[in-house]
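Structure assessment
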Amino acid sequence: SKSDVVLLLEADTLPSDNSVFKQLIQAYKKRQKKDVMIVGSPNPSQQDSFYEKIQCSGYSAKIKFFSAWKNGKNLYTCTGHAGRLFSGAFVRTFRWPLDVPEDAYLYFFLKQNKLSFRTARHAIINLRCVSTIKDRGTQLTKFRSGESRLSDFFPSGLLNKEYRLTLKTCMELIIYGV
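An account of the accompanying structure is given in this report. (Residues numbered from 1 in each chain as written. Predicted model: local features only at pLDDT ≥ 70, side-chain atom pairs only at ≥ 80, totals over all residues. Heavy atoms only, no water.)

Our next topic: the packing of aromatic side chains. Counted under the stated rule, the structure contains 17 aromatic pairs. Ring geometry for Phe-153 versus Phe-154: centroids 6.4 Å apart, planes at 50°, classification tilted. Judged by its relative accessible area of 31%, Phe-153 is partly exposed. Ring pairing ties together the aromatic residues Phe-86, Phe-90, Phe-94, Trp-96, Tyr-105, Tyr-107, Phe-108, Phe-109, Phe-117, Phe-153, Phe-154 and Tyr-163, which thus form one cluster. Directly above the aromatic system of Tyr-28 lies the positively charged group of Arg-31, at a separation of 3.8 Å from the ring centroid. (Phe/Tyr/Trp six-rings, centres within 6.5 Å; stacked < 30°, edge-to-face > 60°. Buried < 20%, exposed > 50% of the residue type's maximum accessible area, 1.4 Å probe, protein only. Lys NZ or Arg CZ within 6 Å of the ring centre and 35° of its normal.)

What follows is the structure, given as C-alpha cells:
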C-alpha cells in the first residue's frame, strides 16, 4: 500500500503514551516541504542498575547539549531513539546501504540532498540506555567506525563539520546553550 507516513521505532524504545503518534502527525502536517522526517523527543528511562542510571544521566546531558547546537538539527539529534515518522514518498525512494550507521547515514543523506527533519518536542519516546560496559563499548565502536564507512558515501568536509565539534562550540554550548 502507499502510506502517507511510515513510523519507525527501534527495539529499545517505546512511546511514552497514546498521544505520541498524534503529536508526530501534527508536526508532520506543519512541516516544510523539505522536512521528510519528524523525530520525537528521546527520554532515557527504565534505569534498573547503577550503571544504567549513569548512562541515562549522560544521555540526558547529551540531549540537552545537542538540542542547543545548530537549533537542534545535527548528527546527534537525528536519532532513531526518538522515533521517526517519514513521509511515504521519501520512504518509497530512500534505501540504506548495508553496514552503515543508520542514524548518521540518514542525517548526511538529508543534508547532501538539501532535505531536513523536524522535531516534535511533545512526542516523548522512552528509551532504554545500555546496561553493561560491554554494550557501551560496542555502541562506541560502532559510532567511531561508522565515520570511516560513511566516507564511502559523503565528502570528508561534510563529515568533519558534524563529527568534530570545536572547543569554541563546546564552550558556547556549555555556557549559553545548556
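Next up on the list: the state of the cysteines. In total, this model carries zero disulfides according to the counting rule given. In this model Cys-78 remains outside any disulfide bridge; the closest cysteine sulfur is found in Cys-129, 19 Å from its own. (Disulfide = S-S within 2.5 Å.)

Summarising the element assignment, Asn-74 is placed in the loop between helix H2 (50-68) and strand E4 (84-87). A distance of 2.9 Å separates a polar atom in the side chain of Asn-74 from the backbone nitrogen of Tyr-76. Among residues more than four places away in sequence, those in contact with Asn-74 are Phe-66, Trp-69, Tyr-107, Phe-117 and Glu-162. (Helix = DSSP H or I, 4+ residues; strand = E, 2+ residues; numbered from the N terminus. Polar contact = N/O pair within 3.5 Å; in protein donor to acceptor, adjacent residues only side chain to side chain. Contact = heavy atoms within 4.5 Å.)

Once that is clear, we can look at the pairing of strand E5 (residues 116-128). Of the strand pairs in this sheet, strand E2 (residues 13-15) and E5 are connected by three bridges, and their pairing is antiparallel. Following the sheet pairing, Leu-14 is matched in E5 by Asn-126. When strand E3 (residues 35-45) meets E5, the two strands line up parallel, connected through nine bridges. Bridged to Pro-42 within E5 is Ile-125. (Pairing = 2+ DSSP bridges.)

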